[in-house]
Amino acid sequence: MAKTKKGDFIHGTAFEVRGYIMLQPNPDDMEGSERSSLKNVLRDAVGRGVSVRLLINCNVMQYLWTTLFCVQMNWICGYTCCGIDNRHYNWVMGNLHTKMWVIKMGNETVAYNGGIDISLGRWDTEKHDNSKARQMNGKFYGGAAGYHDSAMRMLGPIVVDYERHFHQSWNDPYPAFFPFHILPKYDWVEPPHTRYTPSRFQVQLLRTLGCKGSLKGYYQNFAPRGELSGFRGLLKMIENAKEYLYMEDQFFNHAELMAAIKQRLPVLKFVILLTNDQATPALFSDARYYLQHQALKLLMEDSELSKKVFIYRLVRDTDMSEPLYVHTKLFMADDEYVITGSFGAERSALTNDREAGMGIYDKEGKYIKEMRKRLWSEHLMLPLNHPILEDPVRGSQEWERQAKDAKGRVRSYFPKNASRNIITDLFEIIYEIDGRCCINLAEFHT
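Residues numbered from 1 in each chain as written. Predicted model: local features only at pLDDT ≥ 70, side-chain atom pairs only at ≥ 80, totals over all residues. Heavy atoms only, no water.

## As for the overall build of the protein chain
Step number 1: For the protein chain, the helix and strand inventory stands at 14 helices and 16 strands.
Step number 2: The C-alpha radius of gyration of the protein chain comes to 21 Å, within 12% of the 22 Å expected for a compact globule of 446 residues.
Step number 3: C-alpha atoms of the protein chain, sized along the principal axes, occupy 65 × 55 × 50 Å.
Step number 4: Out of the 446 residues belonging to the protein chain, those deemed buried represent 59%.
Step number 5: Restricting to contacts in the protein chain with at least 6 residues of sequence separation, those with at least 24 account for 74%.
Step number 6: Working note: accessible area of the protein chain is about 18,900 Å², and carbon and sulfur atoms make up 54% of it.
Step number 7: Looking at charge distribution, the protein chain has the averaged site of its 56 positive side-chain charges lying 2 Å from that of its 53 negative ones. (Helix = DSSP H or I, 4+ residues; strand = E, 2+ residues; numbered from the N terminus. Rg over C-alpha atoms; globule rule 2.2 N^0.38 Å. Buried < 20%, exposed > 50% of the residue type's maximum accessible area, 1.4 Å probe, protein only. Contact = heavy atoms within 4.5 Å. Areas by Shrake-Rupley, 256 points an atom, 1.4 Å probe, with all protein chains shown as cover. Lys, Arg positive; Asp, Glu negative; His and termini not counted. Charge placed at Lys NZ, Arg CZ, Asp CG, Glu CD.)

Right under this line is the structure:
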């Protein structure tokens, strides 16, 4: 953002944002830390003549914070540069959940997409040591002292797809639920970008735009019946996995996805799922336990095949009583393919909310392997060049060894079997809506 100049742009969408969050917190330089706050960085960009456009999620819980941020940004910009946006089916607790930035800097454009919002408790380091710098940006929900997440930085033709996605969303002619933010349309111009020829990567933008949302009049210019390429991409990845699946997700409560993994288990050598104890956040925790248990128990029904499935959570190694919260949405197969972005393994994310992510196929298998090694190096606290990380099977055995040893970050996990009750019913109505028009699951999966 700091490299942008007059004529450039900063486009962003967010589930949750706080303007006072410092992008470079430093307890020894409070003045510099304040200058690095999102609000001040964007203010400086506007002052340089940079065009800023932001779409921020709005539902019942986010309305106040989103309104405060957008009112402040619109005053800074002098025009409507920040839109309060809830154009999806479930306006009560559904989400514009995409965490995405597209930034033009002269003759280059860069895009970011993943699970990270610029909000409370998200800033962290690989050490997860609850440093003074981290404390400057507050704590995540439930007071989790550590926060694990990821985002991808992209150059090349894929940034055109991300900018087009933003342009389509901003220019959607159907007004948002809160119509006092009238978004001034802007013309499409393909952003400048590096052209890699040939590329060993195949990269595809994957989205969730619920069909039921389209029936309300949203997305008619670009997805008139919605789009579930994120869900379909995950199913296709699972169906084509040959050796292993490694997945990091906040909830893992989507039974359909677990059923697809179960069907593939006879072929695979192992499946590792990294998630959280559903006690955090406390709101609706029993409902989350119930749904997570119902989904994950599908992988345990066959006594032999279940031996290939390993489910873990993380703790801070410096204080093992504190959870290290896993917020990543990352799904990997065979050191060849990865899907990552804002959508997780839950029904609303894959069928209703507005989400974006990417599928990356690496023909040579080098980049995805390095990504796996880097993640496992952090979680297992091993050097990146440790020989155990080279082979996925040996690496998976190290996960299990460390979980049994219980001296590092990794812990075995399986959710408690909470009872279904009226709170669970309410949770599914409010949070986990199915945004598909077609409820014939057999038809959907074919």
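Still more ground to cover, so stick around.
## With respect to the nonpolar core
For soluble globular proteins, nonpolar side chains are generally found buried alongside one another.
Step number 1: Residues Tyr162, Tyr246, Ile272, Tyr312, Met332, Trp376 and Trp399 are the most contacted members of the largest nonpolar core, which totals 44 residues.
Step number 2: In terms of residue count, helix H5 (residues 158-170) provides more of this core than any other element does, six residues in total.
Step number 3: With residues near it in sequence (within four places) discarded, Tyr246 still touches Ile272, Leu274, Leu330, Phe331, Met332, Leu375, Trp376, His379 and Trp399.
Step number 4: One finds Leu206, Met258, Leu265 and Ala295 within the second-largest nonpolar core, a separate group that totals 43 residues. (Core = buried A, V, L, I, M, F, W, Y, C linked by side-chain atoms within 4.5 Å.)

## Considering helix H2 (residues 38-47)
Residue pairs three or four apart in sequence face the same way in an α-helix, which turns once every 3.6 residues.
Step number 1: The complete set of buried residues in H2 reads Leu38, Asn40, Val41, Leu42, Ala45 and Val46.
Step number 2: On the buried face of H2, the contacting elements are strand E1 (9-14), helix H1 (30-35), strand E2 (51-57), helix H3 (63-77) and strand E4 (99-105).
Step number 3: At the exit of H2 stands Gly49, carrying a positive phi of roughly 90°.

## A short note on the pattern of salt bridges
Side-chain pairs of opposite charge can arise whenever the charged atoms involved come near each other.
Step number 1: Counted by the stated rule, this structure contains 26 salt bridges.
Step number 2: We note a salt bridge from Lys366 to Glu364, for which the minimum N-O separation is 3.8 Å.
Step number 3: Judged by its relative accessible area of 53%, Lys366 falls in the exposed class.
Step number 4: Residue Glu364 is classed as partly exposed on the basis of its relative accessible area, which comes to 46%.
Step number 5: Sharing partners across several salt bridges, the network here consists of Arg347, Arg420, Asp425 and Glu428. (Salt bridge = Lys/Arg side-chain N within 4 Å of Asp/Glu carboxyl O.)

## A word on the state of the cysteines
Here a disulfide denotes a covalent bond joining the sulfur atom of one cysteine to the sulfur atom of another.
Step number 1: Under the counting rule described, the total for this entry stands at three disulfides.
Step number 2: Note on cysteine connectivity: Cys77 is disulfide-linked to Cys81, with sulfurs 2.2 Å apart. Here the S-S torsion is close to 80°, and the disulfide linking Cys77 with Cys81 is therefore right-handed. As far as burial versus exposure is concerned, Cys77 and Cys81 are alike and both buried. (Disulfide = S-S within 2.5 Å.)

## Side note on H5
Step number 1: Taking 1.5 Å per residue, 13 residues should reach 18 Å; H5 reaches 19 Å between its end C-alpha atoms and fits that length.
Step number 2: Counting buried positions over the 13 residues of H5 gives 11, a clear majority of the element.
Step number 3: Within the sequence span of H5, burial applies to Ile158, Val159, Val160, Tyr162, Glu163, His165, Phe166, His167, Gln168, Ser169 and Trp170. (Expected span 1.5 Å × (residues − 1).)

## Here's the deal with unusual backbone geometry
Step number 1: Phi is positive for Phe252, close to 50°, though the residue is something other than glycine.
Step number 2: A relative accessible area of 0% means that Phe252 is categorised as buried.
Step number 3: The phi torsion at Asp335 lies on the positive side, around 55°, for a residue other than glycine.
Step number 4: Secondary-structure assignment places Asp335 in the loop between strand E13 (330-333) and strand E14 (337-341).

## Re the sheet that holds E1
Step number 1: Judged by pairing direction, the sheet is mixed, and its six strands sit side by side in the order E3-E2-E1-E4-E5-E7 without closing on themselves. If you trace the sheet from one side to the other, it starts and ends with strand E3 (82-85) and strand E7 (151-154), each paired once. In this sheet, neighbouring strand axes are inclined to one another by 10° on average, regardless of whether the strands run parallel or antiparallel.
Step number 2: Sheet analysis places strand E5 (residues 108-114) next to E7, joined by four bridges and oriented antiparallel. (Pairing = 2+ DSSP bridges. Axes fitted to C-alpha atoms, helices over the stretch in contact; angles between N-to-C directions.)

## Notes on the packing of H2 against H3
Step number 1: Remark: H2 packs on H3, axes separated minimally by 10 Å, with the N-to-C direction vectors making an angle of 25°. Comparing the axis directions of H2 and H3 gives the class roughly parallel. As for the relative orientation of H2 and H3, their crossing is right-handed in sense. The segment H2 lies against H3, with Leu38, Lys39, Leu42, Arg43 and Val46 engaging Phe69, Gln72, Met73, Ile76 and Cys77. (Parallel < 35°, antiparallel > 145°, perpendicular 65-115°, else oblique. Left-handed = near helix turned anticlockwise from the far one by under 90°.)

## Considering the packing of helix H11 (residues 366-380) against helix H12 (residues 392-405)
Step number 1: Look at H11 against H12: their axes get within 11 Å of each other, and the N-to-C directions meet at 20°. It follows that H11 is roughly parallel to H12 by the angle criterion. Here H11 runs over H12; the crossing is left-handed. Together, Arg372, Trp376, His379 and Leu380 of H11 and Pro392, Gly395, Ser396, Glu398, Trp399 and Gln402 of H12 make up the contact between the two elements.

## Regarding the environment of Tyr367
Step number 1: Looking at the secondary structure, you find Tyr367 in helix H11.
Step number 2: On a C-alpha basis, the gap between Tyr367 and Asp335 in space is 8.0 Å, while along the polypeptide they are 32 residues apart.
Step number 3: When residues no more than four places from it in sequence are discounted, the contact partners of Tyr367 are Met152, Arg200, Phe201 and Asp362.

## Here we look at the packing of aromatic side chains
Step number 1: Tallied over the full model, the rule gives 14 aromatic pairs.
Step number 2: Between Tyr218 and Tyr219, the aromatic rings sit 5.8 Å apart at their centres with planes inclined by 55°, giving tilted as the arrangement.
Step number 3: On the basis of relative accessible area, Tyr218 is assigned to the buried category, the value being 4%.
Step number 4: Ring geometry for Tyr246 versus Trp376: centroids 5.4 Å apart, planes at 75°, classification edge-to-face. Residue Tyr246 is found in strand E9 (residues 244-248), and its partner Trp376 is found in helix H11; the two are separated by 130 residues along the sequence. (Phe/Tyr/Trp six-rings, centres within 6.5 Å; stacked < 30°, edge-to-face > 60°.)

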